[in-house]
Amino acid sequence: MIEELAVAGVAVATGLVAYAMAAARIVKQYERGVVFRLGRLHGEVRRPGFTMIVPAVDRIRKVNMQIVTMPVPAQEGITRDNVTVRVDAVVYFRVIDAANAVIEVEDYRFAVSQMAQTSLRSIIGKSDLDDLLSNREKLNQGLELMIDSPAVGWGVQIDRVEIKDVSLPETMKRSMARQAEADRERRARVINADAELQASKKLAQAAGEMSKQPAALQLRLLQTVVAVAAEKNSTLVLPFPVELLRFLERAAPQPGEPGDAGRQAPHRRQGEVDGAGPVTSPEVEAAAAEAVLPTAAGIGEDTAAPGALPADEVPPMVTGGGEDAAQDASRTDSSRVGDVPPMVP
């Protein structure tokens, strides 16, 4: 009898242990357990820790409550300004209602992914290219609202949506690069012109101050010479001051003043030809006689008429030979006499 009771006790204990092992479940901290009894939702969602279910009657499904990071595949679309782009994004979401996430949708991860792709295509079609490139915060907020609206009924909350990359065609990239380059060049020219204007104003002020003291210009010249002389490989060119040139100009005698005739270059003797002797013709003799008359009359050098030749430079006169000698000389120098410039008596 006792042996039978002992065997029965061991059998009951073994059955209890087996039942406990079959009914015991562990729910982790980041999970929630949804229990279905005979296919129907039973009770509330099980909290983290140890829990029991009825074996062969209850089924428990654990739902992860952590934030899920899901990349959205790149979507190709045409913007509102007719530019073809490829845009990819990333979605951050989490489950806030485990029962709805299991009951309302078959696979909430796949549903969120498809909703994110369709919403991204819709955002591309409604936006301009400039908005996709520079105004992403507004687009992210709009995309988040579009995905979050149906996801709330699934027990899923969209925490954040970010557009990662916007791929443009190569032709559009080159066009944008040329536009940016032209804009930078325009700004550079404006800045350069503004700098020239400011520099010209400062130089005008400096010139006004230097004009009050002429010595300041000389000091500035010396400073420039010192700055240039510091370079060993440069050639120093020292200009003459304008004041020195004006002084020399005032010191030089003016034309027509006494003593000016002696400084002039000696004139070519009248009646002579380059490389030939004197031309003995009546016209030349008459011109020479008129040039000698002022000197023969006793007029000094200082009172001589302008353009008159000095006495020692009077060409020799030929008094003999008659018409035959003049013709011979004319025939001998016929090739040269044609080159003689006309002389004004």
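Use the structure listed above.
Below is a short write-up of the structure. (Residues numbered from 1 in each chain as written. Predicted model: local features only at pLDDT ≥ 70, side-chain atom pairs only at ≥ 80, totals over all residues. Heavy atoms only, no water.)

**Some remarks on the overall build of the protein**
Per the secondary structure count, the protein includes 12 helices and eight strands. Here the protein, with 345 residues, has 21% of them falling under the buried criterion. Contacts in the protein between residues at least 24 apart in sequence constitute 65% of all its contacts with a sequence separation of at least 6. If you sum the accessible surface of the protein, you get close to 24500 Å²; carbon and sulfur atoms cover 57% of it. (Helix = DSSP H or I, 4+ residues; strand = E, 2+ residues; numbered from the N terminus. Buried < 20%, exposed > 50% of the residue type's maximum accessible area, 1.4 Å probe, protein only. Contact = heavy atoms within 4.5 Å. Areas by Shrake-Rupley, 256 points an atom, 1.4 Å probe, with all protein chains shown as cover.)

**Looking at helix α3 (residues 108-126)**
The terminal C-alpha atoms of α3 lie 27 Å apart, and with 19 residues this matches the ideal 27 Å at 1.5 Å per residue to within 8%. Within α3 the residues assigned to the buried category are Tyr108, Ala111, Val112, Ser113, Ala116, Gln117, Ser119, Leu120, Ile123 and Ile124. Summarising the contacts, the buried residues of α3 are in contact with β5 (58-64), β6 (68-78), β7 (84-95), α2 (98-103), α5 (136-151) and β8 (156-167). (Expected span 1.5 Å × (residues − 1).)

**Structural notes on unusual backbone geometry**
Non-glycine residue Leu38 carries a positive phi angle of around 50 degrees. Take Leu38: it is sitting in the loop between β2 (31-37) and β3 (40-41). We note that Asn82 has phi near 60 degrees; this positive angle belongs to a residue other than glycine. Locating Asn82 in the fold gives a position in the loop between β6 and β7. For Asn82, a relative accessible area of 67% translates into the label exposed.

**Things to note about the sheet that holds β6**
Strands sit in the order β6-β7-β8 across an open sheet of three strands; the sheet is antiparallel. Among the strands making up the open sheet, the edge pair consists of β6 and β8. On average, adjacent strands in this sheet sit at an angle of 25 degrees to one another, irrespective of strand direction. Relative to β6, α3 is tilted by about 35 degrees, and along the sheet it contacts β6, β7 and β8. Relative to β8, α5 is tilted by about 140 degrees, and along the sheet it contacts β7 and β8. (Pairing = 2+ DSSP bridges. Axes fitted to C-alpha atoms, helices over the stretch in contact; angles between N-to-C directions.)

**Details of the pairing of β7**
In this sheet, β7 lies alongside β6 in antiparallel orientation, the contact comprising nine bridges. Bridge pairing in β7 places Thr69 opposite Tyr92. Taken together, β6 and the strand that follows it, β7, pair antiparallel across an intervening segment of five residues, in which Asn82 is found at a positive phi of about 60 degrees. The pairing of β7 with β8 spans 10 bridges and is classified as antiparallel. Across the sheet, Val87 pairs through a bridge with Val166, a residue of β8.

**Looking at the sheet that holds β2**
Read from one edge of the open sheet, three strands run β3-β2-β5, paired in antiparallel fashion. Edge positions in the sheet fall to β3 and β5, since each of these pairs with one other strand and no more. Two elements, β2 and β5, share seven bridges in a ladder whose sense is antiparallel. Bridge pairing in β5 links Arg37 to Asp58.

**Side note on a nonpolar patch on the surface**
Together, Tyr19, Ile26, Phe50 and Met52 give the surface a local cluster of nonpolar side chains, amounting to about 430 Å² of exposed area. Its place among the elements puts Tyr19 in helix α1 (residues 2-23). (Patch = residues over 30% accessible without salt bridge, like charges linked within 9 Å, V, L, I, M, F, W, Y side chains within 5 Å. Salt bridge = Lys/Arg side-chain N within 4 Å of Asp/Glu carboxyl O.)

**Some details on the side chain of Gln117**
Along the polypeptide, Gln117 turns up in helix α3. Take Gln117: its relative accessible area is 18%, and that puts it in the buried class. Look past the residues within four positions of Gln117 in its chain and what remains in contact with it is Val72, Pro73 and Gln75.

**So, the environment of Ile96**
Of note, Ile96 is situated in the loop between β7 and α2. Separated by 30 residues in the primary sequence, Ile96 and Gln66 place their C-alpha atoms 9.5 Å from one another. Dropping the residues within four chain positions of it, Ile96 is found in contact with Met65, Gly155, Val156 and Gln157.

**Quick notes on the environment of Ala116**
Here Ala116 shows up in helix α3. In this structure the C-alpha to C-alpha distance between Ala116 and Val161, which are 45 residues apart in sequence, comes to 8.9 Å.

**A word on the nonpolar core**
In terms of nonpolar packing, the biggest core is built from 37 residues, with Val85, Val91, Phe93, Val156 and Ile158 touching the most fellow members. Going through the elements one at a time, β6, β7, α2, α3, α4 (129-134), α5 and β8 are the ones with two or more residues in this core. If one sorts the elements of this core by residue count, α3 sits on top with seven residues. Each residue touching Val85, except ones within four places of it in the same chain, is listed here: Gln75, Glu76, Gly77, Thr79, Ile124, Leu129, Leu132, Val166, Ser167 and Leu168. (Core = buried A, V, L, I, M, F, W, Y, C linked by side-chain atoms within 4.5 Å.)

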